[in-house]
Every structure is written in structure tokens, then in C-alpha cells.
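Tertiary structure, described
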Amino acid sequence: MPKSKVKDPIPAVPPARLNMWLFMAASSMLFAATVSAFIVHRPDAESRQAWTAFDLPIFFLYSTIIVVLSSVTIFYAQKSAKSDELAANKNFLLLTTVLGIAFCVSQYLGWQQMVRLDLTFVNARPEDISASYVWVITVLHFVHILGGIGLLIGTWIQAIRLNVHKKSMGLMTLTHTYWHFVGVLWIFLYLFLYFAE
Amino acid sequence: MSTAALHADSHHDHHEHKESFISKYVFSMDHKMISKQFLITGIVMGIIGMTMSLIFRLQLAWPDEQFGFMETLLGKWAVDGKLDPNFYMGLVTIHGTIMVFYVLTAGLSGTFSNLLIPLQVGARDMASPFMNMLSYWFFLASSITLLSSVFIETGPASGGWTVYPPLSALEKAMPGSGLGMTLWLSAIALFIISSLLGGINYISTVLNMRTKGMSMNRMPLTIWAFFFTAILGLLSFPVLLGAALFLIFDRSFGTSFYLSDIYLEGVGALENIGGSPVLYQHLFWFLGHPEVYIILMPALGITSEVISTNARKPIFGYTAMVISLMGISFLSFIVWGHHMFITGMNPFLGSVFMILTLIIAVPSAVKAFNYLTTLWKGNLRFTPAMLFSIGLVSFFISGGLTGIYLGNAALDIQLHDSYFVVAHFHLVMGSAAIFGMLAGIYHWFPKMYGRMMNNTLGYFHFWITFITAYLVFFPMHFMGLAGVPRRYYQFTLLEDFNVWMDVNKLITVSAIVGGAAQLLFIYNFFYSIFKGKKATANPWQANSLEWSTPVERIHGNWPGEIPTVYRGPYEYSRPDREEDFFPQYVPDDSAPEVLHTEEHQVAPEEKSPEEVESSVFFAAIKRVFGLS
């Protein structure tokens, strides 16, 4: 088929971007399920004295601050790519990646703190089932963050190869969208767990 | 994601690359080949699932008989030709799992969404062909994982396809809750990934890759059905993943999400406290109910297309059909509690679920009436596909009626877990969806393989299957009303149920005859792939875009430009036309567009890439609502 002579209609939205939005919708449903399970389970377990509320580790608050910062940096990474400021773009991508890794470290320290308080994943005491939920929710989110860091590193490598600029924003936009998603997701989860616990 | 993204961006440049055997038949990224892979895997899984049901039907009809061949087939699970009770439970569980997920979700939606979405909306392929390929391979891996559990020492998962804890969570509860259950959970996790990858692609392609002139209100009803099905899957499968994760944690890590206060083997309570087994049911049925429509809606879409084409009439109430699909999809998310009336749910909540459930009868009835009114006074062409579609309508009505009974909380308390339920869902969801799938196979076989299936064999296949399906499932209503419980290995041991022995035998004999009829289909299918009569480009004189492609498969679907769409898909027997069909892709300046379409006859002007990029968001919104 002589491809060059054929002009196909251009999709209104780049397919990869739409796929990313759909993936985020599916992923949100996973968190909706875990959070709903938490909400439904709590009164039931409380009525049997099998639920203890506890203070979230302070490191989770630090994680939240880091996530907010990284949202700012990824915003500037996107903005600089759009205006062809390639050096700034690379630096902001790198900075976001570092903040992403800092988030992971902070989460790890938060989990350590929970372990020290005997709030382990498998309940040390039967009444600590609420801790199991905190573990599931934070670890599932952590997995999403790892995916985000993978995307950030991939985009950064592409930026070094001069493949990220005004006319080639596909990957950059995906990373930008996804990183905001995991950021907002974490802020929601943190606030939910903060007020619920 | 990024690989897929890069690939999606560049795949349009690869149409004419040379295909090796591996890239054409094995790791294919062509949606048509992937649909065949789904179909053939689905058929194989279907044969296995059906064979399992025949084995346990033999046990139910002749509980004291010894079947020598069973020992040959099943070894230690049928010593002296008598089926082992644990394996009976395993067969029931795996039969349900295979049929619900592997045949009627992946085999039906996977096959026809893949085949028809790009062909009917006018796209060269899916939004991401790479993700599409992954979707199939995750599905195959999942199928193999599930089937492997049949061959292990402790047998497959055997707590029913819903795998309720604590039965499924404790290894000691029954043999099947050991490794078999672990394999089941792994298989389902893989299946969920496959179904999400596929679903994302289906939605994305429908929203975003339609050809010029193909506004949403010109889409065939098949596409609407696949679209809503994919949305249901996208929103409900992650919840099942959550449910499965909690179950995995309870089983393998020792958490107490679902487990509490359990005494096992009389040695005292387990350590798990505070868990809620009903929580699992909530999470499971939040998928489980939409899943019913994930199974049924593609079949309904296929039926709409086949009935309209073969009645040579526009589908009755196109917009009503779309709105009722939308209504069914929406309602399916808020009725899951009707599976749980007897869990001790608050009766007030139960009545809310009951009312919502009964409301589903409205859009369902709209669909049923629209099928009947489309058939009314049509120039009916009884192709095998048409017969199977009419069969679907029959099952949809007879099975749907009992749904109204079961949706009533007060009645459900009596009927729950009885054969009445088995009868209900095997008709409305099992037989109806299978008939939709078979209709689809007979109808689009020429598109898939470029050859025709044998009609005579098709007619035998239809009539035998149709009659035996009713003979199998109809009597079960009466058994259920009399209180006969489902899933029992040998319920005739209870004195009261002995009277059902003869009915049981009738059901089993009918099932065997019905099963044998499927051999006709399988022979017809595989024989026709190689030796069938060569098909013409548009053998059914249908309107939709897929019939404008060449008979020989091309990667990229159309040799030249993608055709432009000028009107809706169901313009049959227009009085102003000589021919009784008017394809969507045929321009005609003299004919006003009278049916289902807006006044715009000319396709909308093409936008420049800059313009497109600048209004991406609005364009997406507009496309969603078909305003473009």
C-alpha cells in the first residue's frame, strides 16, 4: 500500500495521552476500592474492639510536602519544554526525579516508624487491623510512584538526547500528567488517612 | 506506558512492512489477528468449560453409576469411575470461572471488540496495537495458569467461582483452597491486567480514532455496546483486583481483612480477629454485577447489528437503544447488593438495592421490544447468525423475567443458592451471551477468514442448541422453586429431593446432546477456515464500514484512504433507493439523509494539526458527546 499518498485523519487527542487518562481512571478505582473497604470495615471492626486509630508517622507529612514541591518542579519542566528552554527542562526533570526518590525514602522512614510502634502489616495485636489498611494503601501508592519515577527517568534520558522540545511533547506531557496524578492521589490519601486515623 | 505511547505514535508508518510468521501469527499487533487469537483461545476454553459441565452433569444424573472412562480421564479424582466430591466442587468452580471470564468476557468482548472497533469506526488499528498484543498474551498466560491448577495434587480452587472467604482464605478449609486457590488468584490477577489493557484501547479507539463523518450518533450499536462494556470493565475490574489483593494478603501474609473468629477442626479460634467476610462480598459483587453486563452487552450489540441487517430494516429506536445501554451500564454499578440479601444486610439497604435492581427491567425491556419491533414486518433473512440472534432475544426475555423474581429481597431469601438461580443466569447471561457470540461468529466469519461457513450445519447447530438449552435450564426453575440447592454433589441423598432424579437425567441427556451439537459448529468453523466457500466483500449486503475493506486481510485495513462516513449504519430498505441497503460510506448528493442522522450530509472539514492540538480538550469533550 503506497502509504505516502494516503492521509489518515489525525486523532483529536494523541492516543497515548488518552490511554494514560483511562489508566488513571482505572487506577483511581483501585484506590476507591481500598478506601471504601476501609470506610465500610471500620464501624464493623470497632464494634468488636478490633480497630485502633493511631497517629500517622510524621514522615508521611514530609512526603506530602515533597510531593507538593515536586508538582511545582514538574510544572516548570513542562513549561520550559513548551518554550524550548531545553537546559531548564532537563534540570527540572532531574530535580523532580530526585524529589521522587526523596519521597520514597520518606515513605520508607514512615514505615519504619510504624514498625517500631508495632503497627506492622500483619497485625501484631488483633485490634490493629487499621494499620494493615494504612500499609496496603501506602504501598499501592508507592508502586504508582515507582512507575512515575521510571517515566521521569525515561523522559530525562529523552531530554538529554534532545528529544523533548516544543514540537515533541508527547512523552513529556504523559510524564507531567502522571506525576500530577500520583501527587494529587497522595495528597488525597494522606488527608483521608489523617482524618480517618 | 512509554513504549506503548511511542509505538502508537509511530505505528502508522509501518503498514507495508514485511511480516514474518512470528509477527503475523504469534506476536501480532494487527487487531484482526489478535481478535482471531482471542476467538480461538476462547473456543478452546469453551470446549474445556463445557466438558467439565458434562462431567459433573453425569455425576448429578447417575450418582451411583461407575463410569470407566472417567477414571481414565481423571485418574485419582474418579477412582472406580466415581467422581470425587472435592473434584466435583473444583469442576463447578472452574467451569464457572472459565465461562464467565475466559469465554464470555475475553472470548466474546476480546474477539469482537478487537475485530469490529477499528473496522466499524474506520481506524487503521487500535490506539495502541502494542498494548493490544500484551492484552492477548496476558490472557493466554492467565488461561494456562488457571488450567494448570486442574493438574495439581490438591486439585483446583473449589469454593465456587465467587471464591468467598473464609472458605477460600484458609488452606485447611478444603483441599482446593491450597495451591489451587493460589493459582486461581494469580490467573485472575493476570486476567484483570489483560482486560484493563484491552479496555483502555477499546475506549480510546472509539473516542478518538473515528474516521471523518463518523460522529458518535452514526456508530453501529455494536460499537456502543463494546464502548460501554469497556467502561464497565475499566471501572470495575480494579475493584476486583483490590478484593483479590486483600484475599492474597489474608491467605499468604496472615492479615485479617476478611477473617475473624474462626474455629477450625475443633482446636480453637484462629488468631485472625476483626476481619469482615461480608466486605469481600461487597468488593467482589461491585465487579460481579457489572461483569454480568460486561458479558451480556457485547452480545446485545451484535444482535442489534445482525437483526437489523437481516430484517432489512433500520433498527427500531436507535437512540433508545443507546440510552438503554447507558442506563443498564449506570445501574449495573449500584445494584450489587442484590447478590447479598441473605448476608444479614440492613433490610432498608436491601430494599434500596431491590428497587434499583427492578429498575433495570426498564432499559432491558426497551431493548427486547426494540428487537421485536425491528423484526416486525421485516424482510427476514434467516441466516444462522439471524437465528442465533433471535435465540438470544428469546433467552433474554425468558431469563430476564426470572430476574424480576430474584431481585425481590423477600423472594430471594427463598430462592437464593437454589437451582432457580442457576436456571436464571444460565438463560439470561449464559445462553443469551453464547448465542450472541455464535451469531457474531457466523455473521463476521467472512470478514475474519474471507470464507463462508456452511449454512446447513449452522441450522442444525442452532436448532439442536436452542432446544437443548431450554431442556437443560428450564426444568431447573421448578427444582429451585422446590428448594433444591445448587452446588450439591448428590442432593438426591435428601429424601425430599429424590423425586427430581428423572428430571436430572433429562437435563443431563439434553446437555450431552447440546454438547454434541457443538461438535458440528467446531467442525464447521475449522473446516470453513480452510475449505469454506470464498466470500464476497459484502456477503450480507450490510451497511457498516467493515464491509468496505478488501476480502484479503491487510495490515491497515483499507488499501487507500479510510472511507468517509455519510450517514447512520441502519439505512435499510429506504423507499428512495433501488437497493435495499445504503452503506455508510457511499456518498449520494441527491438523497437527503432521512434516518438517524443530522442534516449535515457533507463530512466535517478536516482540521489542521495545529488547530487540533490547540483545542484538544474541547475536541475530546465534543467527540465524547458526538457533537463534532
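Residues numbered from 1 in each chain as written. Chains lettered and ligands numbered in written order. Predicted model: local features only at pLDDT ≥ 70, side-chain atom pairs only at ≥ 80, totals over all residues.

**A word on the overall build of chain A**
Note the cut-off: Each helix corresponds to a stretch of at least 4 residues labelled H or I by DSSP, and each strand to a stretch of at least 2 residues labelled E; elements are numbered beginning at the N terminus. Throughout, a pair of residues is in contact if the C-beta atoms placed from their backbones lie within 7 Å.
Helix and strand counts for chain A come out as five helices and zero strands. Along chain A, helices (α) and strands (β) appear in the sequence α-α-α-α-α when read from the amino end. Projected onto its principal axes, the C-alpha coordinates of chain A cover approximately 70 × 35 × 25 Å. Contacts in chain A between residues far apart in sequence, at least 24 positions, make up 79% of those at least 6 positions apart.

**Describing unusual backbone geometry**
In this structure, the amide linkage connecting P165(B) to the following residue, P166(B), adopts the cis form with an omega of 5°. One can find P166(B) in the loop between α6 (129-148) and α7 (179-208). Even without being a glycine, D84(A) presents a positive backbone phi close to 60°. Relative to the elements of secondary structure, D84(A) occurs in the loop between α2 (58-82) and α3 (86-116).

**Focus on the environment of G180(B)**
Residue and element names in this part refer to chain B. Formally: As a rule, residues whose C-beta atom has 12 or fewer other C-beta atoms within 10 Å are exposed, those with 20 or more are buried, and those in between are partly exposed; C-beta atoms are placed from the backbone.
Its place among the elements puts G180 in helix α7. Residue class for G180 comes out buried when judged on the 28 C-beta atoms lying within 10 Å of it. For the pair G180 and G68, spaced 112 residues apart in sequence, the C-alpha to C-alpha distance is 26 Å. When neighbours within four sequence positions are excluded, G180 is seen to be in contact with G90, S149, I152, T154, G155, P156, A157 and S158.

**Quick notes on the packing of α2(A) against helix α5 (residues 170-196) of chain A**
Residues and elements named next belong to chain A. Rule in force here: Simply put, an axis is a line fit to the C-alpha atoms, just over the touching stretch for a helix, and the angle between two N-to-C directions goes from 0 to 180 degrees. Roughly parallel here means an angle under 35 degrees, roughly antiparallel means over 145, roughly perpendicular means 65 to 115, and every remaining angle is called oblique. For a crossing to be left-handed, the near helix must be turned anticlockwise from the far one by less than a right angle; the clockwise case is right-handed.
Where α2 contacts α5, the two axes come as close as 9 Å, and the packing angle between them is 160°. If you check the angle between α2 and α5, you find them roughly antiparallel. When the axes of α2 and α5 are compared, the crossing they make is left-handed. Between α2 and α5, the contacting residues are F60, S63, T64, V67, S70, S71, I74, Q78 and A81 on the first element and M172, H176, W179, H180, G183, W186, I187 and Y190 on the second.

**Regarding the nonpolar core**
Counted only if it meets this: The term nonpolar core refers to a group of buried residues, namely Ala, Val, Leu, Ile, Met, Phe, Trp, Tyr and Cys, whose C-beta atoms join them within 7 Å.
Judged by nonpolar contacts, the single largest core of 219 residues is most densely connected at I203(B), F227(B), L296(B), A432(B) and A433(B). Residues contacting L296(B), with those up to four places away along its chain left out, are M429(B), A432(B) and A433(B). Counting five residues, the second-largest nonpolar core is a separate cluster that includes A45(A), W51(A), I129(A) and I273(B).

**Thoughts on the confidence of the model for chain B**
All names here are of chain B. How we decide: The quantity called pLDDT is the predictor's confidence in a given residue, expressed from 0 to 100.
Mean pLDDT over chain B stands at 90; residues scoring 70 or higher make up 91%. Under a pLDDT of 50 for its full length, residues 1-16 has, in the predicted model, 36 contacts with residues more than four places off or in other chains. Confidence over residues 594-601 falls short of pLDDT 50; this stretch has eleven contacts with residues more than four positions distant or in other chains. Interface confidence for the predicted complex, expressed as ipTM, amounts to 0.93; the pTM equals 0.91.

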